[in-house]
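Given next are the chains, with one letter for each unit.
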Amino acid sequence: GENVEQHPSTLSVQEGDSAVIKCTYSDSASNYFPWYKQELGKGPQLIIDIRSNVGEKKDQRIAVTLNKTAKHFSLHITETQPEDSAVYFCAAGDNFNKFYFGSGTKLNVKP
Amino acid sequence: NAGVMQNPRHLVRRRGQEARLRCSPMKGHSHVYWYRQLPEEGLKFMVYLQKENIIDESGMPKERFSAEFPKEGPSILRIQQVVRGDSAAYFCASSPSGGVATEAFFGQGTRLTVV
C-alpha cells in the first residue's frame, strides 16, 4: 500500500519568514495530493491541492510543488503569520479518494 | 451550504458499551469516508461508502466495527463492545463524486473516550 512520509515533525519560524514542509510517497498510482491544516480540536481543513499532471500550484501565500519522478511534494508558506500556527498534513490519494496521510508537521509562527 | 456535520462532538463510553457516530455529508455529496486519528498522529483511512454501498472497508478492524450509509439519513460508524484502544478522534469526510480524485471536506470530528 501507499506510504507517505512527512518532515519535519515540528517547525518554528519567525513571523514573516517562509515555511517549507516536505512529503514523499511510494505508490506511483497516487494522483492527487491535498494539504490540510488542522487547528486544535478541529477537523482538517483543505488549504491547497495538486494533481499529478501539474508541477506547481499557488494560492496567495501558499504554494505546492510536485515532483512525480522523485515522488515528493512540498508545501511552501510565505510571509508567515501567527494565525498560520497549526498542524499541517500532507496526503496522497487515488481515484477512489482514499487518502494516505503523513504524520503531520506542527508549525509554530513566533510573533 | 452547511459543511460536513458530525455528532456528537464528544462521546464517553464505558468499556463494553456501543458507540454510534453520525455523519451528514455536505449537500450534494454522495461519497463518505471515515478516518481515525490517534493523539499526535495522522489520520488513518477506515472505510469509504456511497449511498447504500460499502466501496472500500480495507481500513476497518475486522471485528466490532461497522459502517453504513443508508438511502435516507446520515452515515453511521458503529463500534460495538468498545475498548480503551478505541479512544480516538473519528473524522468523516465527503466528496461530490468518486472515480476521480476530488476535494474531500472533513467534519469537526467525534472524540471518543472509553473509560
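Residues numbered from 1 in each chain as written. Chains lettered and ligands numbered in written order. Predicted model: local features only at pLDDT ≥ 70, side-chain atom pairs only at ≥ 80, totals over all residues. Heavy atoms only, no water.

Another aspect to go through is the overall build of chain A. Per the secondary structure count, chain A includes zero helices and eleven strands. Rg of the C-alpha trace for chain A: 13 Å, near the compact-globule value of 13 Å for 111 residues, within the 12% margin. Counting over 111 residues, chain A shows a buried share of 45%. Surface summary for chain A: the accessible area is close to 5,400 Å², and the carbon and sulfur share equals 47%. Of the charged side chains in chain A, 12 are positive and 13 negative; the average position of the first set lies 2 Å away from that of the second. (Helix = DSSP H or I, 4+ residues; strand = E, 2+ residues; numbered from the N terminus. Rg over C-alpha atoms; globule rule 2.2 N^0.38 Å. Buried < 20%, exposed > 50% of the residue type's maximum accessible area, 1.4 Å probe, protein only. Areas by Shrake-Rupley, 256 points an atom, 1.4 Å probe, with all protein chains shown as cover. Lys, Arg positive; Asp, Glu negative; His and termini not counted. Charge placed at Lys NZ, Arg CZ, Asp CG, Glu CD.)

This brings us to the sheet that holds strand β7 (residues 62-67) of chain A. Residues and elements named next belong to chain A. Ordered in space as β1-β3-β8-β7-β6, the five strands form an open sheet in which the pairing is antiparallel. Single-partner strands in this sheet number two, and they are β1 (5-7) and β6 (56-59). Between one strand and the next, the sheet's axes are offset by a mean angle of 15°, whatever the strand orientation. (Pairing = 2+ DSSP bridges. Axes fitted to C-alpha atoms, helices over the stretch in contact; angles between N-to-C directions.)

For the rest of this paragraph, the subject is the environment of Ala104 of chain B. As for its placement among the helices and strands, Ala104 of chain B is situated in the loop between β9 (88-95) and β10 (105-106). C-alpha separation for the pair Ala104 of chain B and Tyr33 of chain B, spaced 71 residues apart in sequence, amounts to 8.7 Å. Contacts of Ala104 of chain B, omitting those with residues within four sequence positions, involve Tyr36, Asn97 and Phe99 of chain A together with Ala93, Ser94 and Ser95 of chain B. (Contact = heavy atoms within 4.5 Å.)

What follows is about the state of the cysteines. Chemically, a disulfide is nothing more than a covalent bond linking the sulfur atoms of two cysteines. Residues and elements named next belong to chain B. In this structure the tally under the stated criterion is two disulfides over all chains. Here Cys23 pairs with Cys92 through a disulfide, and the sulfurs are 1.8 Å apart. For the disulfide bridge between Cys23 and Cys92, the dihedral angle about the S-S bond is near -50°, and by the sign convention the bridge is left-handed. One end of the pair, Cys23, is in strand β3 (residues 19-24); the other, Cys92, is in strand β9, and 69 residues separate them in sequence. Summarising the burial analysis for this pair, Cys23 and Cys92 share the class buried. (Disulfide = S-S within 2.5 Å.)

Moving on, we get to the sheet that holds strand β8 (residues 75-79) of chain B. All names here are of chain B. An order of β1-β3-β8-β7 is seen for the four strands of this open sheet, with the pairing classed as antiparallel. Each edge of the sheet is formed by a strand with only one pairing partner; in this case those strands are β1 (5-7) and β7 (65-68). Neighbour-to-neighbour, the strand axes of the sheet open up by a mean angle of 15°, direction not taken into account. Across five bridges, the pairing between β3 and β8 is antiparallel.

The next subject is the pattern of salt bridges. Residue and element names in this part refer to chain B. Summed over all chains, the structure comprises eight salt bridges over all chains. A salt bridge links Arg78 to Glu18, with the nearest nitrogen and oxygen atoms 2.9 Å apart. Taken together, the residues span a long stretch of sequence, with Arg78 in strand β8 and Glu18 in the loop between β2 (10-13) and β3 at a distance of 60 residues. Judged by relative accessible area, Glu18 falls into the partly exposed class, the value being 30%. (Salt bridge = Lys/Arg side-chain N within 4 Å of Asp/Glu carboxyl O.)

All right, on to the environment of Gln14 of chain A then. Residue and element names in this part refer to chain A. For Gln14, the position within the fold is in strand β2 (residues 10-14). The spacing of Gln14 and Pro82 is 68 residues in sequence and 8.9 Å in space, taken between C-alpha atoms. Residues contacting Gln14, with those up to four places away along its chain left out, are Thr80, Val109, Lys110 and Pro111. Only 3.3 Å separates the side chain of Gln14 from the backbone oxygen of Pro111, close enough to count as a polar contact. (Polar contact = N/O pair within 3.5 Å; in protein donor to acceptor, adjacent residues only side chain to side chain.)

Okay, the interface of chain A and chain B next. In this complex, chain A contributes 21 residues to the contact, which on the side of chain B involves 27 residues. On the chain A side of the interface with chain B, the three residues burying the most area are Asn97, Lys98 and Phe101 of chain A, jointly 29% of the side's total. Counting across the interface, chain A meets chain B through one salt bridge. A salt bridge links Lys98 of chain A to Asp56 of chain B; its shortest N-O distance comes to 3.1 Å. Where the side of chain A that touches chain B is concerned, the elements lending two or more residues are β4 (32-38), β5 (45-51) and β10 (99-101) of chain A. The class makeup of the residues in the side of chain A that touches chain B is eight nonpolar, eight polar and five charged. (Buried area = accessible area lost by both parts, 1.4 Å probe. Nonpolar A, V, L, I, M, F, W, Y, C, P; charged D, E, K, R; others polar.)

Let us now look at the packing of aromatic side chains. Scanning the entire structure with this criterion turns up 14 aromatic pairs over all chains. Taken together, a centroid distance of 6.3 Å and an interplanar angle of 70° make the contact between Phe99 of chain A and Phe101 of chain A edge-to-face. Of the two residues, Phe99 of chain A and Phe101 of chain A, both sit in the buried class. Between the aromatic rings of Phe101 of chain A and Phe106 of chain B, the centroid separation amounts to 6.0 Å while the plane-to-plane angle is 75°, which identifies the pairing as edge-to-face. Taken together, the residues Phe101 of chain A in strand β10 and Phe106 of chain B in strand β10 connect one chain to another. One exposure class covers both Phe101 of chain A and Phe106 of chain B, and it is buried. (Phe/Tyr/Trp six-rings, centres within 6.5 Å; stacked < 30°, edge-to-face > 60°.)

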